[in-house]
Amino acid sequence: MANSLYEFGMIGLGVMGRNLLLNMADHGFAVIGFDKDTEKAKALESSATAGTRVKGVVSLEEMISQLQRPRRVMMLVPAGKPVDDVLESLKPLLEPGDIVIDGGNSHFTDTLRRVEYTKTSGFHFMGVGVSGGEQGARTGPSIMPGGDQEAYAHVKPMLEAISAKVEGEPCVAYLGKGAAGHYVKMVHNGIEYAIMQLISESYRLLQSAGLNNDQLHEVYKNWNSGDMQSFLLEITADIFLQNDDKSGQRLIDVILDKAGSKGTGKWTSQEAMDLAVPATIIDTAVSMRTVSAYKDERVLAAKVYAEPKIPVSADTQLFISQVKDALQFATIMCYAQGMAMLHTASEAHDMQIPLPDAVKVWRGGCIIRSALLGTFYKALKETPELPNLLLNKAVADIVKEKEHNMRAVIVQAAQAGLPAAGFMAALSYFDAYRTEKLPTNLVQAQRDYFGAHTYQRIDMPGSFHTTWLHH
Ligand code: 6PG
């Protein structure tokens, strides 16, 4: 009777859950989805491609009873308590060997806790990051699985079939032990926040040079090619052309300048601090979304402090090319910070993340996909344990080529009083990282002066304390 059973089950038929399941059905798998909401269960069936095997049910028990063994179930429900609630309802229904996947944006520490918790029940629990939004889920997302390798083997064929493909390779790979999948997805989102912040700053800079929405569209469209091709630049170019049916204006001009967030960028920053890995552009991006929320205060402050009246370069074409290089330079810094985090976290959390594979799965389907990832993939295939992408020669060559214009843009932004915190964070990170001798010897001296915290010397090993003279 195995053939009449379904091969994969989905809990939560919101647009992401439904689209992933339909994608699976399009690849020949018989799938079943559960949602308490009858409308959503019906919508799953009515939106299925003709000839595919898709069923929607409103009873979890019914779905589980119609799955082949070992049962393969994914949940796509909001992070937090809903995931725990689903696990509780699944516990009495599953058997040893069954596989439960959390495909949402769960915090990696929750995933670790759940992996441990479900061990006693005998079924496998995997945290799997999925990126690409609604469209990606339907046509080819980037998938970041982690956890039990034995369990992964059972879902690998399906995940490979539905994922995006780049140069014939699927954008899914086993990314390590424990909560590695959700960890990699968290860092993906941190990088996403940082790059989005940089693009928004470049928009403000170009606007200050007098570019209108049509011109902005053209600039981003041109940038989105060759070495700079990226999904985020592609959608940015589109955004400037969108008309608003309510006001008749361009939609971008009637959107309030307050950005929300669901917290994954903040998690990345918090974790980077705990890990002691600098992720300054991600930190800045999170803080800038927070600054954006203080709209009322910003309106008041704008009245108190006038903008400096020093314009950016009068040569608009030159300025556009400088901002282009600055954006590429700063974007590389975002990936470098994210990958450095993964490098350290892999060992610190005993996840054994294969770094080349993490980059490989980001090359297609996800929000941060870009041509640069091809360069990073090559770099990490050559040296999988590379602690920082900036140490790779091919990456360094690009950085050195763009560095001059990065500095030119920062000077102009500072003089014109334009907010460019992300760009500045990127350049500051670079300048600190490439500096052999930082001024932190003074910080050590101060710590020892007021707190006897001791210091190390450059000319002999050991810890030293000095009774500092008060002059
Ligand atoms: C993705 C996105 C996705 C989601 C973000 C948005 O990879 O498909 O990252 O997971 O859009 O969580 O995050 P914020 O709401 O925090 O901006």
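As the structure is a computational prediction, the values presented were derived from the model and not from experiment. Residue positions are counted from 1 within each chain, in the order its sequence is given. Only residues with pLDDT of at least 70 are given local features in this predicted model, and only at 80 or more are side-chain atom pairs given and counted; all residues enter the totals for whole chains, interfaces and linings. Note that the side-chain values use all heavy atoms of the structure and ignore hydrogens as well as water.

This next bit is on the overall build of the chain. In terms of helices and strands, the chain carries 19 helices and nine strands. In summary, the chain has a C-alpha radius of gyration of 25 Å against a globular reference of 23 Å for 471 residues, a match within 12%. Viewed in the frame of its principal axes, the chain has a C-alpha envelope of about 85 × 65 × 45 Å. With a 1.4 Å probe rolled over the protein chains alone, any residue whose accessible area is under 20% of its type maximum counts as buried; one over 50% counts as exposed, and the rest are partly exposed. For the chain, buried positions account for 51% of its 471 residues. Only DSSP runs of H or I with at least four residues qualify as helices, and only runs of E with at least two residues qualify as strands; both kinds are numbered from the N terminus onward. Here the globule rule reads 2.2 Å times residues to the power 0.38, and the radius of gyration is calculated from C-alpha atoms.

Residues Y183, Y220, W223, L342, W362 and F423 are the most contacted members of the largest nonpolar core, which totals 90 residues. The dominant element in this core, judged by the number of residues it contributes, is helix α14 (residues 316–348), at 17 residues. All the domain ranges listed were derived from an automatic or database domain assignment. Residue-level mapping places this core at the junction of two domains, with at least three residues from each of domain 1 (2–174) and domain 2 (185–433). In plain words, nonpolar cores are sets of buried Ala, Val, Leu, Ile, Met, Phe, Trp, Tyr and Cys residues tied together by side-chain atoms within 4.5 Å. Judged by nonpolar contacts, the second largest core, of 30 residues, contains L44, I143, A151 and A161.

This part covers the packing of α14 against helix α17 (residues 393–416). As a rule, the C-alpha atoms of each element are fitted with a line to give its axis, helices using only the stretch in contact, and angles between N-to-C directions run from 0 to 180 degrees. With their axes 7 Å apart at the nearest point, α14 and α17 run at an angle of 125° to one another. As summarised for this structure, α14 and α17 are arranged oblique, according to the angle between their axes. Our pair here, α14 against α17, has a crossing hand that is left-handed. Seen from α14, the contacting residues are F319, S321, Q322, V323, D325, A326, Q328, F329, A330, I332 and M333; seen from α17, they are V395, I398, V399, K402, E403, N405, M406, A408, V409 and Q412. Partitioning the contact of α14 with α17 into residue classes produces 13 nonpolar, five polar and three charged. When an angle is under 35 degrees it counts as roughly parallel; over 145 it counts as roughly antiparallel; between 65 and 115 it counts as roughly perpendicular; any other value is oblique. Handedness of a crossing is defined here by the sense of rotation of the near helix relative to the far one, left-handed for an anticlockwise turn of less than a right angle and right-handed for a clockwise turn. Any pair of residues with heavy atoms lying within 4.5 Å of one another is described as a contacting pair. Note on residue classes: Ala, Val, Leu, Ile, Met, Phe, Trp, Tyr, Cys and Pro are nonpolar, Asp, Glu, Lys and Arg are charged, and everything else, Gly too, is polar.

UniProt positions are given in the numbering used here, feature names are shortened, and annotations may be inferred rather than shown by experiment. Per the UniProt record, "domain: 6-phosphogluconate dehydrogenase C-terminal" (unreviewed entry) is found at residues 181–469. Strand forms 0% of residues 181–469 and helix 64%; the C-alpha atoms that close the span are 54 Å apart.

Here we take up the pattern of salt bridges. By convention in these notes, a salt bridge is any Lys or Arg side-chain nitrogen within 4 Å of a carboxyl oxygen on Asp or Glu. The tally for this structure, following the rule as stated, stands at 27 salt bridges. Note that R250 and D214 form a salt bridge whose closest N and O atoms lie 2.8 Å from each other. Remark: D214 occurs in helix α9 (residues 213–223) and R250 occurs in the loop between α10 (231–239) and α11 (264–275); sequence separation between them is 36 residues. Looking at R250, the relative accessible area reads 22%, which means it is partly exposed. Close ionic contact of R298 with D257 constitutes a salt bridge, the shortest N to O distance being 3.1 Å. Placement of R298 in helix α13 (residues 295–304) and of D257 in the loop between α10 and α11 is noted, with a sequence separation of 41 residues between them. Here the residues in one salt-bridge network are D84, D102, D110, R113 and R114, joined through shared partners.

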